[in-house]
Amino acid sequence: MSAGSHWNEPTEVGYDIGMNIKTPLVASLTVVVALSLWNGAAVADAAQNSPNVVVFLVDDMGVMDTSVPFLTDEKGQPKRYPLNDFYRTPNMQRLAAQGVRFNHFYAMSVCSPTRISIMTGQNAARHHATNWINPRNDNRGPHGPPDWNWKGLTGSDVTLPRLLRKVGYQTIHVGKGHFGPEKSEGSEPLNLGFDVNVGGAAFGAPGSYYGKENYGLGTKRSSHAVPHLKKYHGSEMFLTEAITLEAKKRVSESVQKRKPFYLYMSHYAVHAPFHSDPRFADHYKDSGKSKNAQAFATLIEGMDKSLGDLLDHFDTLGVSENTLVFFLGDNGSDAPLGHQHAVACAAPLRGKKGAHYEGGMRVPFIAAWAKESANNANQKQLVIPPGSLQTQVAAVQDLYPTIAKLTGASSPEGHAVDGVDLSKLLTAGPDDSRDEVFLMHYPHSPHRSDYFTSYRDGNWKVIYHYIPSKGSEGGHYQLYNLASDPFESTNLADQEPVVLREMVGKLKSGLETHQALYPVSPDDGKTPLVPVIP
């Protein structure tokens, strides 16, 4: 992690004081205990009125993998495309009808960088975990930066759940972790500020979605067996359903304790392997799409059922009016529908997970109270218009400062935060103080796109390719006007040299501001490849 981003845990009074305790020490301890009790009572009182927060994170789900239309027409109205009619996500529709959806929301192009950005509020260019984290081997790539953050998060890093726990929250992690490799501190979410961990480990892909296959345990994918679910082994319970049941249980326990909860509901779905969820397979059997594409669609629908089940559970517990839900994907779509750089997997957007095009990093984002109430004090403070649409640019690192502000948590001084509070945007209004900027840095290979940085500023987007290849059209530069060419069909790098120079300059400056690490030269394996302004 970057300098100044470590958490200083308060020291505790030890138990090895001995028998010969002096009176002044007893008095000091009495004061400490009294202050602790007073502080604890203050936190408890504040917690009674604090909103519950849910981050519902879907693995490998892009902005087009849903029946909710996020893209808009020339009049700014939601527009349906064929993929919106292929997928079935009624509970996403329900959530969008209750809140605001963002149609220019960005994640990093692969998973671990996004997850660590949510946890820290930092762009991946700053926290340096710029690739998905291979659980067993450093996967920087042949020319990747030698000092990139393969180890991911550590037990001393500043994290969102750690902030929330300090202000009285029960912090619950359910599902995929992927914050660090095997045997690292980051491989166990309990080391990162969570009170509860069900299912989180070092890997990203589950061993199996099937209970009858013990979620991978005892198979050739045992190293990816999802932990903590032994009671479902040998059953017909699909993984998505199993972790949903576990999430409901942990939320119920928190409500019984009268503690506000932070639920990080991190689905393994819809990541490969593309195991068909038998509950929904009939819905796609006549679609004309491939077996894997049909299975992917069942994973989407199963995830959506999970969302609905949780919303219903909050209502049953009587906490829905005080529960704020953030729904998002962790990178662009991995739908098996065509070539990684084509208009196919996320059509009409170009590209997919791992690619430098919009389809690789645009994700669905919905924010809504689980149940609208004009009388709820927290909803009075944050009014989210039902069925609204937000068109300004936002990104995954914005969740950290947003949730911290909503909950009264404070980020430590010295911890750099790149994210910007979303509160104004959540009201569906404009926030003129925000820059319409997104920086995506991927100095690695191999993936759908290799060794690139993309930078969006307003309507313009530039991609710098450190090592030109067929995927970069043979050059260092690609330039698109997303207003006139939202689907990135025409590279304007040659036609707009002034704009190109300005945009590459901003890209380079952004990387320097974030203290980014660069690929190294193939010639000597040492010299950093810094973007060249044309």
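Throughout this description, residue numbers start from 1 for each chain and increase along the sequence as written. Only residues with pLDDT of at least 70 get local features here, since the model is predicted, and only at 80 or more are side-chain atom pairs given and counted; chain-wide, interface and lining totals rely on the full set of residues. Neither water nor hydrogens contribute to the side-chain values; these are computed over all heavy atoms in the structure.

## Here's the deal with unusual backbone geometry
Here the bond from A269 into V270 is cis, since omega is 20 degrees, no more than 30 degrees from zero. Along the polypeptide, V270 turns up in the loop between β6 (261-267) and α8 (291-317). Across the junction of A272 and P273, the peptide omega takes the value 10 degrees, indicating a cis bond. Numbered from the N terminus, helices here are DSSP runs of H or I no shorter than four residues, and strands are runs of E no shorter than two. For P273, the location among the structural elements is in the loop between β6 and α8. Within the chain, H128 stands out as a residue other than glycine whose phi angle is a positive 70 degrees. Turning to its location among the elements, H128 is positioned in the loop between α5 (124-127) and α6 (160-166). Positive phi, normally seen in glycine, also occurs at A428, with a value near 70 degrees. With respect to the helices and strands, A428 occurs in the loop between α11 (423-426) and β11 (437-442). Its relative accessible area of 28% is what places A428 among the partly exposed residues. Residue burial is assigned from relative accessible area. The probe radius is 1.4 Å, only protein chains are included, and a residue is buried under 20% of its type maximum, exposed over 50%, and partly exposed in between.

## Some details on the state of the cysteines
Cysteine sulfur atoms that come within 2.5 Å of each other are treated as a disulfide pair. Counted according to the given criterion, the structure contains zero disulfides. No disulfide involves C111; its sulfur sits 17 Å from the nearest other cysteine sulfur, which is in C345. Look at C111 and you get buried, because its relative accessible area is 3%.

## A closer look at the pattern of salt bridges
Only one rule defines a salt bridge in this text: a Lys or Arg side-chain nitrogen within 4 Å of an Asp or Glu carboxyl oxygen. One pass over the full model with this rule turns up 25 salt bridges. A salt bridge links D334 to R448, with the shortest nitrogen-to-oxygen separation between them at 2.8 Å. You can see D334 sitting in the loop between β7 (323-329) and β8 (365-369) and its partner R448 sitting in the loop between β11 and β12 (452-457), a full 114 residues away along the chain. The class of D334 is buried, set by a relative accessible area of 8%. A salt bridge links D421 to K405; its shortest N-O distance comes to 3.0 Å. You can see D421 sitting in the loop between α10 (399-407) and α11 and its partner K405 sitting in helix α10, a full 16 residues away along the chain. The exposure class assigned to K405 is exposed, which follows from its relative accessible area of 55%. A single network of salt bridges, built from pairs that share partners, joins E241, D277, R279, K305 and D309.

## Overview of the pairing of β8
Most of β8 is tucked away, with five of its five residues classed as buried. Judged by which residues are buried, β8 turns out to be covered on both faces: F365, A367 and W369 on one side and I366 and A368 on the other are all buried. As paired elements, strand β2 (residues 100-102) and β8 share three bridges and run antiparallel to each other. Note on β8: the bridge partner recorded for F102 is F365. Any two strands are treated as partners once DSSP identifies two or more bridges connecting them. Here β7 runs beside β8; their pairing, made up of five bridges, is antiparallel. From the neighbouring strand, L328 faces β8, where its bridge partner is F365.

## Observations regarding the layout of surface pockets
The rolling of a water-molecule-sized probe over the atoms marks out the regions of remaining empty space. Here a cavity means grid points, on a 1 Å grid over the protein atoms only, where a 1.4 Å probe fits yet cannot get out; a pocket means an open set of points with protein on both sides within 12 Å along at least five of seven lines; lining residues are those with an atom within 4 Å of a point. Grid points are joined across faces, edges and corners, and a volume is the space filled by probe spheres set on the points. In this model, the largest pocket occupies a volume close to 420 Å³. T72, N103, H104, L482 and P486 are, among the 21 residues lining the largest pocket, the residues nearest its centre. Polar here means any residue other than Ala, Val, Leu, Ile, Met, Phe, Trp, Tyr, Cys and Pro, which are nonpolar, and Asp, Glu, Lys and Arg, which are charged; Gly is therefore polar. A breakdown of the residues in the lining of the largest pocket according to their chemical character gives eight nonpolar, six polar and seven charged. Taken as a whole, the second largest pocket spans an internal volume of roughly 360 Å³. Lining the second largest pocket are 20 residues, and of these Q397, D418, V420, D435 and V437 sit closest to its centre. Secondary structure elements with two or more residues in the lining of the second largest pocket: β10 (394-395), β11 and α12 (497-513).

## Observations concerning the nonpolar core
Each nonpolar core is a collection of buried residues, namely Ala, Val, Leu, Ile, Met, Phe, Trp, Tyr and Cys, held together in the definition by side-chain atoms within 4.5 Å. One finds F56, M92, L263, F314 and F327 to be the most contacted residues of the largest nonpolar core, which totals 63 residues. A total of ten residues in this core trace back to one element, the largest contributor, which is α8. Beyond its immediate chain neighbours, meaning those up to four positions away, F327 contacts F56, V58, M61, M92, L95, M303, L307, P364, F365 and I366. Core analysis: the next-biggest nonpolar cluster, separate from the first, contains 60 residues, W150, L160, V393 and L482 among them. It only takes one pair of heavy atoms within 4.5 Å for two residues to be counted as in contact.

## Let's talk about the packing of aromatic side chains
Ring pairs are drawn from Phe, Tyr and Trp, using the six-membered ring of Trp, whenever the two centres fall within 6.5 Å, and their geometry is named by plane angle: stacked under 30 degrees, edge-to-face over 60, tilted for the rest. Tallied over the entire structure, the rule returns 23 aromatic pairs. Ring centres of F194 and Y264 lie 5.8 Å apart, and the angle between their planes is 45 degrees; on these two criteria the pair is classed as tilted. Of this pair, F194 sits in the loop between β4 (170-175) and β5 (196-198) while Y264 sits in strand β6, and the two are 70 residues apart along the sequence. On the accessibility criterion, Y264 (0% relative accessible area) is buried. Each residue in the set F86, Y87, F274, Y284 and F296 is aromatic and connected to the rest through ring pairs, giving one cluster. Both a distance and an angle decide whether a charge sits over a ring: NZ of Lys or CZ of Arg must be within 6 Å of the ring centre and within 35 degrees of the ring normal. Just above the ring of Y210 sits the side chain of K212; from NZ or CZ to the centre is 5.2 Å. The ring of F86 has K289 sitting right over it, with the charged end atom 4.6 Å from the ring centre.

## Quick word on the sheet that holds β4
The sheet built from eight strands is open, its strands ordered β5-β4-β6-β1-β7-β8-β2-β9 with mixed pairing. Only two strands of the sheet have a single partner each, and these edge strands are β5 and β9 (388-390). For this sheet the average axis-to-axis angle between neighbouring strands, irrespective of direction, equals 15 degrees. Sheet analysis places β2 next to β9, joined by three bridges and oriented parallel. Working convention: axes come from line fits to C-alpha atoms, limited for helices to the stretch in contact. Angles between N-to-C directions cover 0 to 180 degrees.

## With respect to the side chain of S306
Note on placement: S306 falls in helix α8. Ignoring sequence-local partners within four residues, the contact set of S306 consists of F56, T240, T244, M265 and H267.

## Quick notes on the environment of A269
Structurally, A269 is set in the loop between β6 and α8. Sequence spacing of A269 and L299 is 30 residues, and the spatial spacing of their C-alpha atoms is 5.9 Å. Setting aside residues no more than four positions away along its own chain, A269 makes contact with V58, D59, Y209, T240 and L299.

## Examining α10
A large share of α10 lies buried, amounting to seven of its nine residues. Where α10 is concerned, the buried positions are L399, Y400, P401, T402, I403, A404 and T407. Immediately downstream of α10, the backbone of G408 shows phi near 80 degrees, a positive value.

By themselves, these are just geometric observations and shouldn't be taken as functional.
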